Structures are given as structure tokens and as C-alpha cells.
Amino acid sequence: MNQPRCIRIFYSLSDAEFAQSVLLEEQINSYIKEDKFGNLKLSDLGMVPRFRLYIDMSVISAAALCLLNRLSGIKYIEGFNE
């Protein structure tokens, strides 16, 4: 990816992987990165885990439209803007 951009943060890996599979159906490449504090997972520190879904900036509009209707009901962090 030339210009990776986080399009959404998920609280579970399974939700992030589902979103990634939705994007893959539309041939949009993505990757998932778990938030960590150094080498420790957030859950190891008693915090809620977070998984960021990254896509290339050049397809951000297509990816957003693709995910819009398919991810209803999955909780996300309000106001996140990166």
C-alpha cells in the first residue's frame, strides 16, 4: 500500500476480520493492526483491545461505501479521525 489509512477501529479481531472479508469481496486490499503498548496487548493491561483496519487512501471512498451497509451493529469509536 502506498498510502495506508485507518478506515475504522474495531473492539474485536473477529469484527475486523469480517470487515476485511467484505472488502476482499470487492477486491479492496486491506490489513489489520492491533493497538499495543510496546510489546504488550491492550488486553494484557486490562484495557479494551482495538484493531485498526487499514486500506489504501486511493480507495477510501469505495471502501467506505462498501462497508457502510454491511457493518451495521458493530460498535466503533465515535469521533475517531486519523
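Being a predicted model, the structure only gives us computed values, none of them experimental. (Residues numbered from 1 in each chain as written. Predicted model: local features only at pLDDT ≥ 70, side-chain atom pairs only at ≥ 80, totals over all residues. Heavy atoms only, no water.)

A. The arrangement of the side chain of Asp 56 in detail. On the secondary structure map, Asp 56 appears in strand β5 (residues 51-56). Arg 5 provides the closest opposite charge to the buried, unpaired Asp 56, separated from it by 9.2 Å. One polar contact links the side chain of Asp 56 to the main-chain amide nitrogen of Gln 3, over a distance of 3.2 Å. Here Asp 56 is in contact with Met 1, Asn 2, Gln 3 and Pro 4, once residues within four sequence places are set aside. (Helix = DSSP H or I, 4+ residues; strand = E, 2+ residues; numbered from the N terminus. Buried < 20%, exposed > 50% of the residue type's maximum accessible area, 1.4 Å probe, protein only. Lys, Arg positive; Asp, Glu negative; His and termini not counted. Salt bridge = Lys/Arg side-chain N within 4 Å of Asp/Glu carboxyl O. Polar contact = N/O pair within 3.5 Å; in protein donor to acceptor, adjacent residues only side chain to side chain. Contact = heavy atoms within 4.5 Å.)

B. Quick peek at helix α2 (residues 60-68). Here α2 has its buried residues at Ala 63, Cys 66 and Leu 67. Within α2, the buried residues cover an arc of 90° as seen down the axis, which keeps them to one side. In α2, those exposed residues whose orientation departs by more than 90 degrees from the buried face are Ser 61, Leu 65 and Leu 68. Tucked into the core, α2 has its buried residues touching β1 (4-10), α1 (13-25) and β5. (Arc of directions from axis to C-beta.)

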